[in-house]
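# Coordinate inspection notes
Chain residues, written in single-letter form:
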Amino acid sequence: AAVLTVVTVGFMPSESIEVPDLRFVLQEKVGQVEKFSVMYPKVELRDEAWRAVLAACPDVEATTSLGSNIELNAPGVTKGSGLLALAEKLGLRRDQVMAVGDSGNGLSMIEDAGLGVAMGNATPEILAAADAVTADNNHDGVALAIEKYALHR
């Protein structure tokens, strides 16, 4: 199985492209790439690449959302920083913000929100960081969290 690299060049998933050679993208799409998502056939290969990435680029935001992928963002670009930037734009205080997540790429969001809620199917890392836990993704976990914590029903 080969390593699959998906590069996001715009906001929408439809603007993501699969690329066979990351070097080409780095040379041809300078300033256009918003995110790298690299899929590995085995977690062990992902972990090896993760160590190499962090050694070469210690400031890059590296995370995961699937069992064997790495998502790479520019330094400081996380779901948490995006959530807080949006809250500020909307005039909301941190304690007025709730975030719901289930995997590594949501950790910063869970930690940065006034109320971090883990999905019932969340990774151990997310469960440990969360203030509360809701049902899993197959049992309306997000809706239940909104009803309980935002709408107080």
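What you are looking at is a predicted structure, and each value in this text was computed from that prediction instead of being measured.

## A look at the overall build of the chain
A count of helices and strands for the chain gives 6 helices and 8 strands. Its helices and strands in sequence order give the chain the pattern β-β-α-β-α-β-β-α-β-α-β-α-β-α, from N to C terminus. Here the analysis covers contacts within the chain between residues at least 6 apart in sequence; of these, 35% occur between residues at least 24 apart. A total of about 9,500 Å² of accessible surface is found on the chain, and carbon and sulfur atoms cover 56% of it.

## Overview of the pattern of salt bridges
Applying the stated criterion to the full structure yields 2 salt bridges. With a shortest N-O distance of 2.9 Å, Asp47 and Arg46 are connected by a salt bridge. Owing to a relative accessible area of 11%, Arg46 belongs among the buried residues under this scheme. The salt bridge involving Arg93 is made with Asp95; its shortest N-O contact spans 2.9 Å.

## Let's talk about a nonpolar patch on the surface
Taken together, the side chains of Leu86, Leu90 and Leu92 present a nonpolar region at the surface, about 280 Å² in accessible area. Its location among the elements puts Leu92 in the loop between helix H3 (79-89) and strand E6 (98-101).

## With respect to the environment of Asn105
Considering the arrangement of structural elements, one finds Asn105 in the loop between E6 and helix H4 (107-112). The exposure class assigned to Asn105 is buried, which follows from its relative accessible area of 14%. The spatial distance from the C-alpha of Asn105 to the C-alpha of Ile70 is 9.5 Å, given a sequence separation of 35 residues. Dropping the residues within four chain positions of it, Asn105 is found in contact with Thr63, Thr64, Ser65, Glu71 and Lys79. Polar contacts involving the side chain of Asn105 include one to the side chain of Glu71, which spans 3.3 Å.

## Focus on the sheet that holds E6
Strands sit in the order E6-E7-E8 across an open sheet of 3 strands; the sheet is parallel. Taken across any chain shown, the strands that pair with only one partner, and hence form the sheet edges, are E6 and strand E8 (132-133). Along the sheet face, helix H6 (residues 141-150) touches E6, strand E7 (115-118) and E8 and points at about 160° away from the line of E6.

The rules behind these values
Residues numbered from 1 in each chain as written. Predicted model: local features only at pLDDT ≥ 70, side-chain atom pairs only at ≥ 80, totals over all residues. Heavy atoms only, no water. Helix = DSSP H or I, 4+ residues; strand = E, 2+ residues; numbered from the N terminus. Contact = heavy atoms within 4.5 Å. Areas by Shrake-Rupley, 256 points an atom, 1.4 Å probe, with all protein chains shown as cover. Salt bridge = Lys/Arg side-chain N within 4 Å of Asp/Glu carboxyl O. Buried < 20%, exposed > 50% of the residue type's maximum accessible area, 1.4 Å probe, protein only. Patch = residues over 30% accessible without salt bridge, like charges linked within 9 Å, V, L, I, M, F, W, Y side chains within 5 Å. Polar contact = N/O pair within 3.5 Å; in protein donor to acceptor, adjacent residues only side chain to side chain. Pairing = 2+ DSSP bridges. Axes fitted to C-alpha atoms, helices over the stretch in contact; angles between N-to-C directions.

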